[in-house]
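Residues per chain are reported as follows:
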Amino acid sequence: PHAGAPADPDPTQRPRPRASPAMVRKILLATFLAASASVATAENPLGKVLQLMDDLAAKITKEGEVEAKAFQEYMQWCDDASHNAKFAIEDGKKQKAKLEARIAELDGETAASAEAIEKLAGAISTGEAELKDA
């Protein structure tokens, strides 16, 4: 080569192909997932923390389901008690109406009986007076 001409490029120093941003994201995601899997399965403090958090989440979910079932049973009991109370109130009102009618009937009989007693008392007085006079 002559002095003014550029030197031949060194074959060991070829330009590297550039990775696209999407390719970089995929590589980082794969690396992260692999690291997470190894952290979660390895016996190290961070893996233990992650396992404890997963266990706690499962426990909370299970307890929530149990509480939801208990709440549904309680709401069913409340509905049943409400319906039973409603029917008891209706029955009580019907019974009250029957008893009030019976009381009114007996009040009428009492008034009639009192009048009959007065007539009989008057008849007894008259009978006794006639007996004395006789």
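On a predicted model such as this, the values are computed, not experimentally measured, just so you know.

A. Spotlight on the packing of aromatic side chains. Within this structure, the stated rule accounts for one aromatic pair. Each ring, one from Y74 and one from W77, has its centre 6.1 Å from the other, and the planes form 25°; the classification is stacked. With Y74 and W77 both in helix 2 (residues 45-133), this residue pair falls three residues apart, about one helical turn. Overall, the relative accessible area of 56% leaves W77 in the exposed class.

B. Structural context of the pattern of salt bridges. Going through the model one piece at a time under the given rule, you end up with three salt bridges. Among the ionic pairs, E105 bridges to R102, the shortest N-O distance being 2.7 Å. Here the residue E105 and the residue R102 both occupy positions in helix 2, the gap between them amounting to three residues, near one helical turn. Overall, E105 belongs to the partly exposed group, its relative accessible area being 42%. Between K119 and E115 there is a salt bridge, and its shortest N-O distance comes to 3.9 Å. Taken together, the positions of K119 and E115, both in helix 2 and four residues apart, correspond to about one turn of that helix.

C. Examining helix 2 more closely. With 89 residues, helix 2 should cover 132 Å at 1.5 Å per step; its first-to-last C-alpha distance of 125 Å lies within 8% of that length. Where helix 2 starts, the residue carrying a side-chain oxygen 3.1 Å from the main-chain nitrogen of L46 turns out to be N44.

So, how was this worked out
Residues numbered from 1 in each chain as written. Predicted model: local features only at pLDDT ≥ 70, side-chain atom pairs only at ≥ 80, totals over all residues. Heavy atoms only, no water. Phe/Tyr/Trp six-rings, centres within 6.5 Å; stacked < 30°, edge-to-face > 60°. Helix = DSSP H or I, 4+ residues; strand = E, 2+ residues; numbered from the N terminus. Buried < 20%, exposed > 50% of the residue type's maximum accessible area, 1.4 Å probe, protein only. Salt bridge = Lys/Arg side-chain N within 4 Å of Asp/Glu carboxyl O. Expected span 1.5 Å × (residues − 1). Polar contact = N/O pair within 3.5 Å; in protein donor to acceptor, adjacent residues only side chain to side chain.

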